[in-house]
Amino acid sequence: MNYKIINGAILKSDPEKLYTLSEDLFVVDGKVYENLPEDVKEEELEIVDAAHHLVMPGLINLHTHAYMTVLRNYADDVDFDEWLFKRVMPVEDRLPQEGAYWSSLLACMEMVRTGTTCFNDMHMFRGQSARAAADAGVRAFIGRGLVGEDLYVDGASRFEDCLEEQKEWESSKLLKFVLAPHAIYSCSAKLYEQVAREAEERHMLKHTHLSESDVEVANCLEKYGKTPVEFLRDTGFLDEKTILAHCVKMQGEDISIIAEAGSTVVTNPASNAKLGNGFAPLHKFAESGVNLCLATDGTSSNNTLNLFREMNLVSLIHKGLAGDSTMLPADQVVRMVTENAAAAVGMKDQIGTIRDGANADLIFVDLNEPSMFPNNNIVSSLCYSANGSEVDSVMIDGRFVMRKREFVTMDGERVRFEVQRIVDKYL
Ligand SMILES: [Zn+2]
């Protein structure tokens, strides 16, 4: 179906600022246009009345573990070791493949409900988050978490999972696959080198956790005599196709090493605070020119996948920390989950923006909701006032996946039933 969207306020951008204007938008064959392409007849378009709605690019969550959604609120207010080793990992070991599927589908429901149209996922269950994203009609970058000493020996079966799922979904317009070594404490230098080479040859993105906790940094310094960032640099893993989640505990030259490599930093403020890991030095990253993005991490350490909440949190935390009310203004924060994230995944001008020929990944935000009214500054309201519930409709690749707050591609009742079944049996 092709659409003409009328009466909406459209979120546009130039390098200086985000702004809104009222104009018609056309969605033809999954792409957005400001003017109707010549070969399309206007009378064949379905009219979408977006009166009192902001039409903006869908949000991009650059670091998730969708399969963990079943663990929401399952292990809170405990120390990190208890959380990971005694609570989370035993359930991961018990969870069946189909459990990961339903859990990932629930993740897609929550993301769509709160305006996220694309996520970058690190998972443990071959094919399940891909299947969930495809069924939900959500755009996703998916990486099997890799661990081990050698990609072709003890890491081989997981690497094979990556390649198999990439092959299986080769024809998908929405799914792309990335190489995702888990972390420097679960992967050797050799494995990171091998992954860097494979990614280069296969033109794939790389995604890993980095410098999340004091323990990680201390152990790395003791074992290798290097910081985690130096360790990764020396494996050849850091370049402009690398996405680094967390980067909380930056030492010495770490930030300039990341900036020089052109890698993307994804901050996860709720997860870092909740697990007691502190706050990433975002003001220094911003000064260094690093491409800075925002994510929720998994629901067992957040405990939501709601990027509106995360936008609010990241701006407020860092204003407070820096004692500087000009830190991370709304404009910058909105770019972190749109344009910056699109650049990180190599889709600049294709997603995270509204412009001629971009993919029609659009969300409709109700500006008449009490939390959004009056509309004195719409960009500010996205960062400081919205809580995600104002998202009324979501379109991905030109297809509505939620319309007037009703899911189109997902059966909410079925997903809840299946997730409850998994909880009762395996948690
Ligand atoms: Zn993570």
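Everything numeric in this text was worked out from a predicted model, so none of it was measured.

Colleague: How should the overall build of the chain be read in this particular structure?
Modeller: The number of helices and strands found in the chain is 15 helices and 20 strands. Expressed along its principal axes, the backbone C-alpha trace of the chain runs to roughly 65 × 50 × 45 Å.

Colleague: Would you explain the nonpolar core in this entry?
Modeller: Within soluble globular proteins, side chains that are nonpolar tend to cluster in buried spots. Core analysis: the largest hydrophobic core is formed by 130 residues, its most contacted members being Val55, Leu105, Cys108, Ala133 and Val138. Counting residues per element, this core draws most heavily on helix 2 (residues 97-113), which supplies ten residues. Two domains each put at least three residues into this core: domain 1 (3-57 + 349-407) and domain 2 (59-344). Here Ala133 is in contact with Cys108, Val138, Ala140, Leu174 and Leu175, once residues within four sequence places are set aside.

Colleague: Could you clarify how one ought to interpret the domain arrangement of the chain in this entry?
Modeller: Where interface size is quoted, it is often the accessible area lost as the parts come together. Each assigned domain of the chain is listed with its residue range as follows: domain 1 (3-57 + 349-407) and domain 2 (59-344). A separation of 28 Å is found between the C-alpha centroids of domain 1 and domain 2. Contacts between the two partners involve 26 residues from domain 1 and, on the opposite side, 28 residues from domain 2. The element contributing the most residues to the side of domain 1 that touches domain 2 is helix 14 (residues 378-384), with five residues.

Colleague: Mind showing me how you'd approach unusual backbone geometry here?
Modeller: Only a minority of non-glycine residues have a phi that is not negative, and only a minority of peptide bonds are not trans. Across the junction of Asn302 and Asn303, the peptide omega takes the value 15 degrees, indicating a cis bond. Looking at the secondary structure, you find Asn303 in the loop between strand 16 (291-294) and helix 11 (307-322). A cis geometry characterises the amide bond from Phe373 onward to Pro374, with omega recorded as -5 degrees. Locating Pro374 in the fold gives a position in the loop between strand 17 (362-366) and helix 14. Phi angles above zero are rare outside glycine, and Asp29 is one such case at about 50 degrees. Inspection of the secondary structure puts Asp29 in the loop between strand 4 (25-28) and strand 5 (31-33). Unusually for a residue other than glycine, Cys247 sits at a positive phi of about 50 degrees. Mapped onto the fold, Cys247 is located in the loop between strand 14 (242-246) and helix 8 (254-261).

Colleague: Is there a simple way to explain the packing of helix 5 (residues 189-202) against helix 7 (residues 228-235) in this structure?
Modeller: Angle between the axes and distance between the axes: these two values describe a pair of packed helices. Helix 7 packs onto helix 5 with a crossing angle of 50 degrees between their chain directions and a minimal axis gap of 8 Å. Relative to helix 7, the element helix 5 is oriented oblique. The chirality of how helix 5 crosses helix 7 is right-handed. On helix 7, the residues that touch Ala189, Tyr192, Glu193 and Ala196 of helix 5 are Phe231, Leu232 and Thr235. Its residues placed into classes, the contact of helix 5 with helix 7 shows five nonpolar, one polar and one charged.

Colleague: Whenever I open this one, the pairing of strand 14 confuses me. Can you help?
Modeller: Side-chain direction in a regular strand flips from residue to residue, so the side chains alternate between the two faces of the sheet. Counted residue by residue, strand 14 has five buried out of five residues, so it is predominantly covered. As paired elements, strand 14 and strand 15 (residues 264-267) share three bridges and run parallel to each other. Paired with Ala245 across the bridge in strand 15 is Val266. Each parallel crossover has a hand, and the one from strand 14 via helix 8 to strand 15 is right-handed.

Colleague: How should I be thinking about the environment of Thr326 in this particular structure?
Modeller: On the secondary structure map, Thr326 appears in the loop between helix 11 and helix 12 (330-336). What makes Thr326 exposed here is the crowd of 7 C-beta atoms within 10 Å. Separated by eleven residues in sequence, Thr326 and Ser315 have C-alpha atoms that sit 9.5 Å apart.

Colleague: Help me understand helix 2 in this model?
Modeller: Three or four residues apart is the spacing at which side chains of an α-helix point the same way, because the helix has 3.6 residues per turn. With 17 residues, helix 2 ought to run about 24 Å at 1.5 Å a step, and its terminal C-alpha atoms sit 25 Å apart, in line with that. When you tally the buried positions in helix 2, you get 13 out of 17 residues, the bulk of the element. One or two steps after helix 2, the chain reaches Gly115, where phi turns positive at roughly 90 degrees.

Colleague: Please clarify how the sheet that holds strand 1 (residues 3-6) should be interpreted in this entry.
Modeller: With mixed pairing, four strands are arranged side by side in an open sheet as 5-4-1-6. Bordering the open sheet on either side are strand 5 and strand 6 (46-49), each of which pairs with just one other strand. The sheet shows a mean angle of 25 degrees between the axes of neighbouring strands, taken without regard to direction. Alignment of strand 1 against strand 6, held across four bridges, turns out to be parallel. The residue bridging Tyr3 from the neighbouring strand is Glu46, located in strand 6.

Colleague: Looking at this structure, I do not really get the environment of Asp77. What am I missing?
Modeller: Position of Asp77 relative to the elements: it lies in the loop between strand 8 (59-64) and helix 1 (80-94). Taking the C-beta count within 10 Å as the criterion, Asp77 has 7 such neighbours and is therefore assigned exposed. Residues Asp77 and His203 lie 126 residues apart in sequence; the distance between their C-alpha atoms is 41 Å.

Calculation rules
- Throughout this description, residue numbers start from 1 for each chain and increase along the sequence as written.
- It should be noted that, the model being predicted, local features are given only for residues of pLDDT at least 70 and side-chain atom pairs only at 80 or more, the latter also being counted only at that level, while totals for whole chains, interfaces and linings use all residues.
- Strands here are runs of E lasting at least two residues and helices are runs of H or I lasting at least four, both read from the DSSP assignment and numbered beginning at the N terminus.
- We define the nonpolar core as any set of buried residues of the types Ala, Val, Leu, Ile, Met, Phe, Trp, Tyr and Cys, connected via C-beta atoms lying within 7 Å of each other.
- Buried, partly exposed and exposed are defined by the number of other C-beta atoms within 10 Å of a residue's own C-beta, namely 20 or more, between the two limits, and 12 or fewer respectively, with C-beta atoms placed from the backbone.
- The split of the chain into domains comes from an automatic or database domain assignment.
- Note on contacts: residues are paired as contacts if their backbone-placed C-beta atoms lie within 7 Å.
- Every axis in this analysis is a line fitted to C-alpha atoms, fitted for helices over the stretch in contact. Angles between the N-to-C directions lie between 0 and 180 degrees.
- Our angle categories are set so that under 35 degrees counts as roughly parallel, over 145 as roughly antiparallel, 65 to 115 as roughly perpendicular, and the remainder as oblique.
- With the far helix as reference, a near helix turned anticlockwise by less than a right angle produces a left-handed crossing, and one turned clockwise produces a right-handed crossing.
- Residues were grouped as follows: Ala, Val, Leu, Ile, Met, Phe, Trp, Tyr, Cys and Pro as nonpolar; Asp, Glu, Lys and Arg as charged; and all remaining residues, including Gly, as polar.
- Between any two strands, at least two bridges found by DSSP are needed for them to pair.
- Assignment of crossover handedness uses the view with strands pointing away from the viewer, where a clockwise path from the first strand over the helix to the second indicates a right-handed crossover.
- A helix's residues, less one, multiplied by 1.5 Å, set its expected span.

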